[in-house]
Each structure stands twice: as C-alpha cells, then as structure tokens.
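Structural description and commentary
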Amino acid sequence: MIGKTGQLGGDLIRNNPGHDIFAPSRDVLDIGNHERVETIIADQRPAAVINTAAFHNVPLCETEPLSAFQINCVAVGNLARVCGRMGILFVTFSTDYVFGGERRTPYREDDCPEPLQMYGISRAAGEFAALAAAPRHSVVIRTCGLYGRSGAGSKGGNFVDKRLTDAKTCTRLEMGCDQVVSPTSTDDLSKAVWQLLSHPGLTPGIYHLVNEGECSWYQFTKAIYELSGLQVEVAPVDRGGMSGEMRRPLYSVLANTRARGMGITLPHWRDGLMQYLGAP
Ligand SMILES: NC(=O)c1ccc[n+]([C@@H]2O[C@H](COP(=O)([O-])OP(=O)(O)OC[C@H]3O[C@@H](n4cnc5c(N)ncnc54)[C@H](OP(=O)(O)O)[C@@H]3O)[C@@H](O)[C@H]2O)c1
C-alpha cells in the first residue's frame, strides 16, 4: 500500500481486516520513480497494490501542472501498467473534482468528467491512464472532502482539525456556502474500501465511495462547532466557486451507485463527523 502516512492510508492500516500489508514510506517508494515501482512490485508480488498517494494541493497544481500530471496521471498509469502485466489488482483513488458542478443531483460513476482546473484535469487523466493501461485490473475509487486522524499533511492539516484550531483564536468565521460536497471520514471510507475489495462481485472500473448526504463547507463548519460544543459564529460567504482565478465545482456530491448495488453503504456525513469528534 502506498501512502501509509496519509489520512486514508493511516486508516486503511488501522482498519485492516487481517491482510498482510507491505507499506513502504515515500523515501523507499516514490511513485514518480517508475523503475523503483516496477522493482518493488516485482519483488513483493502482492495480491493488490493500493495507491493512496496523489499530488492534491489544488492551487499548487495550477502553478505546477507538470508535477501534477507526473504524479496524478503518468505515475498512476505506470502503476497500472506494472500491475496489469503481473496480473495484480490495482486500486487507486480519484476525486469529485473531476466533475464540473453544473448540476444539483449527485454524480454517478458513469457521468462524464468535466474538470474545471489543472488538479481535476490531472486526476481525470489519471483515471483514464489506469483504465487504459490495465482495464481488467484497475479499480478507481472517487471520493470527496476527506478528513482523518492522520490529517492531510500535504494540505497543512485536515478541514475539521483546522476549524477546531480556528476556534482557539476566533469567535467569528466566514465560510463558503457556495460549494456543496460530500465530506467523508477516512475511518468510514477505509472500512468501505476493505469491504469493496473483498467483495466477490468486485469488477474493474470506477466506484464512488463517500459518506451519505450533502452539505456546503459552511454547513459542515457549523456542524463541527455544534457537535464540539464550541461557540463560534459562522457567517456564510458566496465566492461563486472561485479561488482567485481558479474555478472549483459548485456541486460535487457523489452517488455511491455501484457500491450500494453490492450492499456497501457508508454512514451519513454527520454520523461520520460525530464519530471523528467523539461527540455523544
Ligand atoms: N483529502 C481530500 O480531501 C481528498 C478528496 C478527494 C480525493 N482524495 C484522494 O484520496 C486519496 C487519499 O487522500 P489523503 O487525504 O489520505 O492524502 P494525504 O493525507 O495527503 O496522504 C497522501 C499520502 O501519499 C504519500 N505520497 C504523496 N506523494 C507521494 C509520492 N510521489 N510517492 C509516494 N507516496 C506519496 C504521502 O506521503 P508523505 O507523508 O511522505 O507526504 C502520504 O502518505 C488521494 O488520492 C487523494 O487525492 C482526497
């Protein structure tokens, strides 16, 4: 498994139902190093390779598009190619940002990607790269708005932890009400991933796995303070999905259509958040 120090990687290990997991750190296996990827996979010959690594600092992808493509697309395609050739299941993750956010009903796995910024473009390209290189061995799992015990190091801490830190110094906060998402706990996600991977009906292709329900980041922030009993006034702000000149999808809620059809469901986002906060 790649990405053990990350939010999802950490919870995949914590919630491992009993698999023997080899999880090298980035200094041992950087997915951008294609030869090393091939050598390590050939040495280990695992039943599956799970890649949770990504270049997913969204603003940085705008200024460093080549690095974004190298990790999110070319490296993912290489991992898939190596796995496909050796007959190994390849599992990799993608994002709600492959969608454009024009609609108001949850996106299904077979909806057409229409990314708005370099990050989403590199991730959609990565999906195609995996599925083209190893169509019979690749599973792509799209998810959204992750928070987990390990915090997203690449983003300077996860959204929930940052709001809890804000509460130490702020009594009033502005939060975007323009983007509607499916915030997802990596504890819930990792359990669903293990269920999916051990399901006898697993077939290659794209899956969505997110906590149920939808909310704006403003509504999510209000819930964080409510459930933690913290007194912070949260004011909604509508930036029309813009971060400077970069566009973000206004609506990127995902429907877990395929997993649900296999009997795999995740809790509502509010329940995931309560569990994370240890709220009664
Ligand atoms: N976070 C979100 O809100 C969100 C939303 C939608 C989809 N996703 C996707 O879900 C997946 C898991 O996200 P996450 O939040 O768990 O990520 P994360 O916390 O940032 O963890 C990423 C992990 O990948 C490792 N990594 C990064 N670049 C690498 C490289 N070139 N080679 C090898 N390892 C590398 C990191 O190692 P270091 O510790 O050494 O950096 C870290 O262990 C990613 O594909 C992500 O894009 C995340």
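Quick caveat, the model's predicted, so the values are computed rather than measured.

Moving on, we come to the sheet that holds strand 2 (residues 89–95). One open sheet accounts for 4 strands, arranged 1-2-3-8; its pairing is parallel. The open sheet has two edge strands, strand 1 (48–51) and strand 8 (205–208), and neither has a second partner. In this sheet, adjacent strand axes meet at a mean angle of 20° when their direction is disregarded.

Another point: the side chain of D178. Summarising the element assignment, D178 is placed in the loop between strand 5 (172–176) and strand 6 (180–181). Engagement of the side chain of D178 in a polar contact is seen with the backbone nitrogen of G241, the distance being 2.7 Å.

Okay, the site of the ligand next. Taken together, 29 residues surround the ligand, and among them T5, L8, R26, H56 and R123 come closest. The separation between an oxygen atom of the ligand and a polar main-chain atom of G3 is 3.3 Å. R123 is positioned such that a nitrogen or oxygen atom in its side chain is 2.6 Å from an oxygen atom of the ligand. Surface burial for the ligand is 88%, taken as the share of its 910 Å² of free accessible area covered by protein chains. Mapped onto the shell around the ligand, the elements with two or more residues apiece are helix 1 (7–14), strand 2 and helix 5 (118–133). Among the elements that make up the shell around the ligand, the one with the highest residue count is strand 2 (3 residues). Class assignment for the residues of the shell around the ligand results in 12 nonpolar, 12 polar and 5 charged.

By size, the foremost hydrophobic cluster in this structure holds 29 residues, and its most contacted members are M175, F220, I224 and L273. Those elements that provide at least two residues to this core are helix 6 (159–169), strand 5, strand 6, helix 8 (217–228) and helix 10 (269–277). Of the residues forming this core, the biggest block, 7 residues, is contributed by helix 8. Counting 28 residues, the second-largest nonpolar core is a separate cluster that includes V76, C83, A134 and V140.

Here the focus is the side chain of N51. Its location among the elements puts N51 in strand 1. Of the polar contacts made by the side chain of N51, one reaches the backbone nitrogen of A53; its length is 3.0 Å.

Parameters and conventions
Residues numbered from 1 in each chain as written. Predicted model: local features only at pLDDT ≥ 70, side-chain atom pairs only at ≥ 80, totals over all residues. Heavy atoms only, no water. Pairing = 2+ DSSP bridges. Helix = DSSP H or I, 4+ residues; strand = E, 2+ residues; numbered from the N terminus. Axes fitted to C-alpha atoms, helices over the stretch in contact; angles between N-to-C directions. Polar contact = N/O pair within 3.5 Å; in protein donor to acceptor, adjacent residues only side chain to side chain. Near = heavy atom within 4 Å. Areas by Shrake-Rupley, 256 points an atom, 1.4 Å probe, with all protein chains shown as cover. Nonpolar A, V, L, I, M, F, W, Y, C, P; charged D, E, K, R; others polar. Core = buried A, V, L, I, M, F, W, Y, C linked by side-chain atoms within 4.5 Å. Buried < 20%, exposed > 50% of the residue type's maximum accessible area, 1.4 Å probe, protein only.

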